[in-house]
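# Coordinates in review
So the chains spell out like this:
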Amino acid sequence: MDIKTTEKTEEKTSRPEPETAEAAADAVVDPRGGADGDPGGAPSGDVSGVRSDAPDDSELDGEPDDELNDDELDDDELDEAATVTETAAEDTGIGAGAAAVVSAALGAVALTGTWTGKVVSERETLMGQISTSQGGSTAQQISEIYGDAWHSTALVNGLFALLALIVALVVLTLPRRPGWVRAVAAAGAVLGGLGLLLSVGTYFDLFLSLPTAGS
């Protein structure tokens, strides 16, 4: 064997064998930061596994507190509105009750007579006496002294009765009033209606007529 053949044989023998597939796979760098296929290799970057832009616990804990505060504010506003409504309802109830009592009192006064009606009646009587003092017929004296005073009293009582009836009807038309308020208002309406009926009949001489000179 010659020298050239010997050198070629030695060159082939000393040449390293190609790496096997397993060795090549082991040489691949782990994408998570490890080398030589080590699955447990620590990555070179952040190892916490949490995104840097993710909200922290403080931010997450703050959201329910904000919602809770909003709910508490809403409850406070509702309570305040309910208190205002109840106060307004109480004020309205007091006013309606007072109006009902006033209507009943006006109706009773319209039936029994008032001091104002008495004063007006006496004034008409005095004026009739003055107008007939210089002379006048009996029918004229009856009309001006007695009839005018009678009609004046009926007019005054009728005005009180009409006022009682109007106030009572207004109270009865109000919604959601207590039972006693509606009862008193109904009594005022009845008394006012009776007083108005009697006053109208008296003013127009429907129940009793003026006496005549012949009688």
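The rules we used
Each chain has its residues counted from 1, running along the sequence as written. Selection of residues for local features in this predicted model requires a pLDDT of at least 70, selection of side-chain atom pairs for listing and counting requires 80 or more, and totals for whole chains, interfaces and linings are taken over all residues. Hydrogens and water are ignored here; the side-chain numbers use all heavy atoms of the structure. Ring geometry is summarised as follows: Phe, Tyr and Trp rings, the Trp one being its six-membered ring, pair when their centres sit within 6.5 Å, and such pairs are stacked at plane angles under 30 degrees, edge-to-face over 60 and tilted between the two. Counting from the N terminus, the helices are DSSP H or I runs at least four residues long and the strands are E runs at least two residues long. The buried label applies to any residue whose accessible area, calculated with a 1.4 Å probe on protein chains only, is under 20% of its type's maximum; exposed applies above 50%, and partly exposed to all values in between. Here, a salt bridge means any Lys or Arg side-chain nitrogen found within 4 Å of an Asp or Glu carboxyl oxygen. Given the number of residues in a helix, its expected span is that number minus one, multiplied by 1.5 Å. Across the chain, each position has a pLDDT score giving the predictor's confidence in that residue, from 0 to 100. The contact criterion used throughout is that any non-hydrogen atoms of two residues lie within 4.5 Å.

### Regarding the packing of aromatic side chains
- Taken as a whole and judged by the stated rule, the model has 2 aromatic pairs.
- Aromatic side chains Tyr146 and Trp150 sit 5.6 Å apart centroid to centroid with 55° between the ring planes, which places their arrangement in the tilted category. Of this pair, Tyr146 and Trp150 both sit in helix H5 (residues 138–173), separated by 4 residues, roughly a single helical turn.
- Assessed through its relative accessible area of 44%, Tyr146 is described here as partly exposed.
- Arranged with centres 5.2 Å apart and planes meeting at 80°, the rings of Tyr203 and Phe204 form a pair that is edge-to-face.

### Observations regarding the pattern of salt bridges
- One pass over the structure, following the stated rule, counts 1 salt bridge.
- Between Arg123 and Glu124 there is a salt bridge, and its shortest N-O distance comes to 3.9 Å.
- Taking relative accessible area as the criterion, Glu124 reaches 19% and is therefore assigned buried.

### Looking at unusual backbone geometry
- Even without a glycine there, the phi angle at Arg176 is positive, about 55°.
- Along the chain, Arg176 falls in the loop between H5 and helix H6 (179–203).
- Phi angles above zero are rare outside glycine, and Asp205 is one such case at about 55°.
- Its location among the elements puts Asp205 in the segment after H6.
- Look at Asp205 and you get partly exposed, because its relative accessible area is 26%.

### Structural notes on H6
- Between its first and last C-alpha atoms H6 spans 36 Å; for 25 residues at 1.5 Å apiece the expected length is 36 Å, and the two agree.
- Buried within H6 we find Val181, Ala185, Gly188, Ala189, Gly192, Gly195, Ser199, Gly201 and Thr202.
- Downstream of H6 by one or two residues, Asp205 has phi in the positive range, about 55°.

### Quick word on the confidence of the model for the protein
- For the protein, mean pLDDT is 74; residues scoring 70 or higher make up 56% of the total.
- Contacts of residues 27–31 to residues separated by more than four positions or lying in other chains number 8 contacts, the stretch itself having pLDDT below 50.
- Low pLDDT (under 50) marks residues 33–52, which in the prediction has 19 contacts with non-local residues, meaning those over four places away or in another chain.

### Brief notes about the environment of Asp148
- Take Asp148: it is sitting in helix H5.
- Its relative accessible area of 29% is what places Asp148 among the partly exposed residues.
- Each C-alpha atom of the pair Asp148 and Glu122 lies 9.8 Å from the other, and the pair is 26 residues apart in sequence.
- Residues within four places of Asp148 in sequence aside, it is in contact with Glu124 and Ser143.

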